[in-house]
Each structure stands twice: as structure tokens, then as C-alpha cells.
Amino acid sequence: MTQKLNIAHRIFEIFLKSLSRTPKPKIVGKDHLGNSYYEQEQRQAGKPASRFYEALGDDREYFDKPIPAEWEAWLRGRREAPSEEEVTKNIATQKVIKQRAVELQQKDDLERQKSINEGVLKQVDSQEKKEKRTYVLILKANDIAIFVLK
């Protein structure tokens with residue numbers, strides 16, 4: 001009899017919980033792309049809060065839009081929500097890195113062209129990938145160096 005009452009009591013508790021409203025999600029932050037990030041507490045104790053975001057714009061492009069790495073890590077529960085200053089700093093750092101990469105590529109192209117002009121490197125078209133070029137090192141009498149580029 002006591003067991004039947006416990007089961008009935010448990011069913012009644014579950015029924016009451018199902019009638020209660022789900023907690024309203026709270027906004028945690030926004031990023032520079034206009035995405036809004038939310039956290040919703042779970043009704044059951046011990047469960048982690050659910051995290052999600054709403055992209056700005058058309059729903060069809062929802063999954064195609066990039067989100068900042070800091071916010072993606074937050075969504076997956078790997079870190080706390082990032083501050084605007086942190087995201088701004090990381091964006092500036094990314095721009096500097098991209099600019100340095102462009103400068104390095106230009107410098108490398110100039111040095112490669114100089115080596116080709118001096119006869120140190122010979123430009124050969126690759127048969128496997130005709131749109132790409134392979135550079136082969138021409139060895140001089142006393143130099144010892146072997147480069148195999150495919």
C-alpha cells in the first residue's frame with residue numbers, strides 16, 4: 001500500500017512539474033556579427049543549463065554563418081562567456097596575423113623570383129597539377145643541398 005502511494009505521489013509530482021512554465025532564457029551576450037547568445041536553466045536539478053544562439057538575419061543562412069571561436073567554446077560548455085573586450089582584442093590579433101601572412105607571402109614570392117632569375121631555382125610545370133608549379137633546386141659545383149618538391 002505504501003509503495004502504491006509513493007508511485008501515485010511521484011506521478012502527481014511529475015504532472016505538476018509538467019504544468020509549470022519552463023524558465024525563460026536569459027541573454028548572456030552579443031557578438032560583433034549580431035548573434036545573440038542565451039542560457040536557459042533546466043528544471044531538473046543537477047542538469048547543466050542549455051546554451052544556444054540566434055543568428056541575425058535569414059533563417060536559411062543560420063548554420064552557414066560563422067561565429068567567433070570564443071562564443072563557440074562557450075556554447076559547448078568549455079569556458080565562461082567572453083567579454084566584448086576579449087573578442088575585440090582577438091579580432092584585432094587575427095587581422096594582424098593575416099596581414100603578416102600576406103607580407104610573408106609577398107616576401108617569399110620576391111625571393112623565389114630572385115632565385116629563379118639568378119639560376120638557383122628552375123621553374124618547372126607539374127604534370128600532376130598543371131595549375132601549380134614545382135621548383136627544383138639546381139646544384140652548383142661546391143654546394144651540397146637537395147630539395148625534392150612535388
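Because the structure is predicted, anything quoted here is derived from the model rather than measured.

Visitor: How should I be thinking about the nonpolar core in this particular structure?
Guide: Grouped together as the largest cluster of nonpolar side chains are 7 residues: Y37, Y53, A55, I67, W71, W74 and V87. Among all residues touching W71, those that are not within four sequence positions of it are V28, G29, K30, D31, Y37, A81, P82 and V87.

Visitor: Explain the pattern of salt bridges to me, please; I cannot follow it from the model alone.
Guide: Between side chains of opposite charge, pairing is possible as soon as their charged atoms come close. Applying the stated criterion across every chain yields a total of 5 salt bridges. One salt bridge connects E86 with R79, and the closest N-O pair in it is separated by 2.8 Å.

Visitor: Got a minute to help me understand the pairing of strand β1 (residues 26-30) in this structure?
Guide: The two faces of a sheet get side chains in turn, since along a regular strand they alternate between them. Note: β1 against strand β2 (residues 36-40), 4 bridges, orientation antiparallel. Residue I27 lies in a different strand from β2, and its bridge partner there is Y38. Taken together, β1 and the strand that follows it, β2, pair antiparallel across an intervening segment of 5 residues, in which G34 is found at a positive phi of about 95°.

Visitor: I'm lost on the side chain of N35 in this one. Help?
Guide: Within the element layout of this structure, N35 appears in the loop between β1 and β2. Setting aside anything within four residues of it in sequence, one finds N35 in contact with G29, K30, Y53, E54, A55, L56, P66 and I67.

Visitor: Just checking my understanding: could you explain the sheet that holds strand β3 (residues 50-54) for this structure?
Guide: Sheets are built from strands paired through backbone hydrogen bonds, the pairs being either parallel or antiparallel. The 3 strands are arranged β1-β2-β3 in an open sheet whose pairing can be described as antiparallel. Each edge of the open sheet carries a strand with a single partner, namely β1 and β3. Averaged over all pairs of adjacent strands, the angle between their axes in this sheet comes to 25°, without regard to strand direction.

Visitor: Would you explain a nonpolar patch on the surface in this entry?
Guide: Together, F12, F15, L16 and L19 line one region of the surface with nonpolar side chains, adding up to about 430 Å² of accessible area. Within the secondary structure, F15 sits in helix α1 (residues 2-19).

Visitor: Explain the pairing of β2 to me, please; I cannot follow it from the model alone.
Guide: The element β2 is largely enclosed, with a buried count of 5 among its 5 residues. What you see with β2 is no split at all: S36, Y38 and Q40 on one side and Y37 and E39 on the other are buried throughout. Across 5 bridges, β2 lies against β3 in antiparallel orientation. Bridge pairing in β3 links Y38 to F52.

Calculation notes
Residues numbered from 1 in each chain as written. Predicted model: local features only at pLDDT ≥ 70, side-chain atom pairs only at ≥ 80, totals over all residues. Heavy atoms only, no water. Core = buried A, V, L, I, M, F, W, Y, C linked by side-chain atoms within 4.5 Å. Buried < 20%, exposed > 50% of the residue type's maximum accessible area, 1.4 Å probe, protein only. Contact = heavy atoms within 4.5 Å. Salt bridge = Lys/Arg side-chain N within 4 Å of Asp/Glu carboxyl O. Pairing = 2+ DSSP bridges. Helix = DSSP H or I, 4+ residues; strand = E, 2+ residues; numbered from the N terminus. Axes fitted to C-alpha atoms, helices over the stretch in contact; angles between N-to-C directions. Patch = residues over 30% accessible without salt bridge, like charges linked within 9 Å, V, L, I, M, F, W, Y side chains within 5 Å. Areas by Shrake-Rupley, 256 points an atom, 1.4 Å probe, with all protein chains shown as cover.

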